[in-house]
Amino acid sequence: MTLKLMQGNEAVAMGALAAGCRFYAGYPITPSTEIAEVLSRQLPKLGGKFIQMEDEIASMAAIIGASIGGLKSMTATSGPGFSLMQENLGYAVMTETPCVVANVQRLGPSTGQPTSASQGDVMQARWGTHGDHPIIALSPTSVPQAFDLTVTAFNFSEKYRTPVILLLDEVIGHMRERFDMPDFENVQRVERLGVNVPPEWYKPYGDSVSDVPPMANFGDGYRYHVTGLFHDPMGYPTQRLDEIEAWIQRVNRKIERNLDEIILTEADGLEGAQTVVVAYGATVRSARHAVKLARQRRHKVGLLSLLTIWPFAEAEVARLAQNCRRIVVPEMNLGQLALEVERVAGRSKVRRVNLANGEMIHPQMILEAIEAH
Amino acid sequence: MPDKNASGNASKLTDTGRIEIRLAGEGGQGMILAGIILAEAAAIYDGKNAVQTQSYGPEARGGASKAEVVIGEGQLDYPEVLNADALVALSQEACDRYASNLKRGGLLIVDAEKVTRLPVSHAVKVPVADLALQATGKAITANVVALGVLVGLTGVVSRQAIEKAVLGRAPKGTEEINRAALKAGLDSAGAELHL
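For every chain, the first residue of the written sequence is number 1, and numbering continues from 1 along that sequence. Each chain gets a letter, beginning with A, and each ligand a number, beginning with 1, in the order they are written. Totals for whole chains, interfaces and linings use all residues, but because this is a predicted model, local features are given only for residues with pLDDT of at least 70 and pairs of side-chain atoms are given and counted only at 80 or more. With hydrogens and water stripped out, all remaining heavy atoms of the structure feed into the side-chain values.

S.K.: Account for the confidence of the model for chain B, naming residues and giving values.
M.R.: All names here are of chain B. Here chain B averages 90 in pLDDT, while 89% of its residues score no lower than 70. A score between 0 and 100, pLDDT records how confident the predictor is in each residue. Secondary structure elements are defined from DSSP: runs of H or I of at least 4 residues count as helices, runs of E of at least 2 residues count as strands, and each element is numbered from the N terminus. When pLDDT is averaged over each helix and strand of chain B, the minimum, 52, is found for helix 1 (residues 4–14) and the maximum, 98, for helix 6 (residues 159–169). Every residue in residues 1–8 is under pLDDT 50, and counting partners more than four places away or in other chains gives 17 contacts. Here, residues are in contact when the closest pair of their heavy atoms is within 4.5 Å.

Below you can see the structure in the form of structure tokens.
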């Protein structure tokens with residue numbers, strides 16, 4: 001263990017190293033740049049590679065290539081760069097290439113306000129790339145959790161052969177907290193399912209028990225075709241309806257069948273709560289404060305913190321909605337995840353608390369929503 | 001607008017021993033580094049909990065920048081200052097911008113030469129930049145002098161902890177300069193207390 005005052009972005013970088021990341025390609029952008037800075041120093045010491053690319057389109061392409069080559073790979077960016085990454089993010093989904101994309105959200109749209117906090121990219125993380133696709137997005141609430149969820153992001157990406165988005169906000173990215181970092185050898189790592197058949201038998205996108213096909217690394221003698229077109233079990237483009245349908249079903253199923261493992265939440269005092277606050281990211285910190293104040297005033301309040309924001313914790317929220325009178329959803333945006341909560345719980349039950357000027361949500365704003373009639 | 005006073009006082013009820021410090025100055029003066037050092041003194045060397053946040057503009061020099069440090073005994077929920085127990089302001093702009101949620105009766109420390117308009121009736125005026133020049137010959141050590149003044153007046157972290165934290169962040173070869181700057185700040189706080 002190493003006790004440090006560590007920044008959230010640094011914790012992401014250290015978490016990536018602990019998870020086994022050995023390739024980073026990116027283009028620096030506030031407020032994510034420290035992730036690149038730390039990895040540019042640390043990766044070479046571990047035999048890894050760091051490349052500063054010409055832009056974010058190329059960065060995303062590079063980490064997909066490196067991952068197909070066998071290395072755990074990541075990039076980091078903020079809103080403007082995340083917009084540029086969307087096309088290749090879809091390519092990673094289509095080619096089922098494990099990789100991690102950290103987006104430290106700043107105030108947008110466009111260049112916006114580089115040093116201001118925001119949670120404005122929640123829907124972009126879900127639907128920024130086109131077509132029906134599953135996605136996993138994780139959102140830490142503290143520096144230690146930035147480390148842990150980065151490890152989890154790599155583990156999910158390798159296990160399910162999918163890109164995973166780490167959705168931080170400027171507060172968590174730049175904040176420094178006391179963190180007793182675990183030794184890397186004590187961190188639980190998941191490795192991708194390798195191939196145990198000879199090259200001539202290998203079907204890169206063939207049937208598999210878990211819906212996740214074993215992945216051969218380029219260069220290991222398994223020649224196969226990688227394309228963004230719908231492809232058959234051998235990886236070649238197909239127009240057969242049965243093969244297209246089978247692909248779409250399988251790729252969505254591999255996430256949907258594992259929601260119990262993928263959806264990470266923290267529950268605080270939900271039992272018997274009349275009002276429940278549903279929050280994520282830095283806003284959880286405001287919510288915890290507000291919930292404690294509300295309890296001192298004898299309100300029965302619970303807090304559900306969503307560490308996994310995509311896929312959305314539909315079952316948990318539906319259960320809450322049956323038992324509580326009101327759900328308060330604070331967000332540093334004009335209401336994005338609230339749309340999902342409203343879809344599940346019904347609009348009349350949900351009270352939104354929104355702020356989109358670059359500041360954190362003040363606990364008092366949440367307290368007022370809890371107490372409002 | 002939220003009633004910051006109400007929740008600021010209430011924050012004492014939610015986090016054990018919560019103390020909120022804000023350090024502000026011109027961009028480039030090292031106030032964010034001062035915040036990091038203060039938080040390290042509390043979290044690493046005094047064994048407390050601490051969280052440090054910051055806000056700054058896109059420019060590398062100039063403008064106003066601030067660092068915030070919240071110190072407590074256990075879990076710290078809200079990471080930013082709700083109602084500052086102490087504010088250190090090394091420039092007029094920083095004082096104007098960041099004094100708004102200084103707690104009633106909170107401690108305001110200003111650079112006596114640079115901050116002439118005060119937002120509250122009582123402030124501790126220390127010639128921080130001049131002391132830095134006298135003690136080390138380098139104006140750039142003003143942030144460490146300011147930390148000395150703050151710690152000397154408040155004891156928010158122990159003297160041993162702040163010294164270890166300053167030296168832990170001092171670039172190689174500047175240890176003595178930084179030690180001298182810290183001492184100048186601590187001494188001036190002592191003089192202030194005896195007024």
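S.K.: Could you give me a rundown of the domain arrangement of chain A, with the residues and numbers involved?
M.R.: All names here are of chain A. Each assigned domain of chain A is listed with its residue range as follows: domain 1 (2–186) and domain 2 (265–371). Here the limits of each domain have been adopted from an automatic or database domain assignment. Between the C-alpha centres of domain 1 and domain 2 there is a distance of 26 Å. Domain 1 puts 27 residues into the contact, and the matching count from domain 2 is 25 residues. Once two parts are brought into contact, the accessible area they lose, counted with a 1.4 Å probe and summed over both, makes up the buried area. Summed over both sides, the interface of domain 1 with domain 2 buries roughly 1900 Å², with 59% coming from carbon and sulfur. By the criterion of area lost to domain 2, the three top residues of domain 1 are Q119, M123 and T141, representing 32% of everything that side buries. For E177, the salt bridge identified is with R285, shortest N-O distance 2.8 Å. For this analysis, a salt bridge means a side-chain nitrogen from Lys or Arg found within 4 Å of a carboxyl oxygen belonging to Asp or Glu.

S.K.: Break down the pairing of strand 11 (residues 275–279) of chain A for me, citing the residues and quoting the values.
M.R.: Residues and elements named next belong to chain A. The buried label goes to any residue with under 20% of its type's maximum accessible area, the exposed label to any with over 50%, and the partly exposed label to all in between, with areas taken from a 1.4 Å probe on protein chains only. The element strand 11 is largely enclosed, with a buried count of five among its five residues. Both faces of strand 11 are covered, namely the face carrying T275, V277 and A279 and the face carrying V276 and V278. Relative to strand 12 (residues 301–306), strand 11 is paired through five bridges, and the arrangement is parallel. Along strand 12, the bridge assignment pairs A279 with S305. Crossover strand 11 to strand 12 through helix 10 (residues 283–296) is right-handed. In this structure, strand 11 lies alongside strand 14 (residues 326–331), joined through three bridges in parallel fashion. When the sheet's bridge partners are listed, V277 is paired in strand 14 with V328. At least two DSSP bridges between two strands are required for those strands to pair. When the strands point away from the viewer and the connection leading from the first strand across the helix to the second strand turns clockwise, the crossover is called right-handed.

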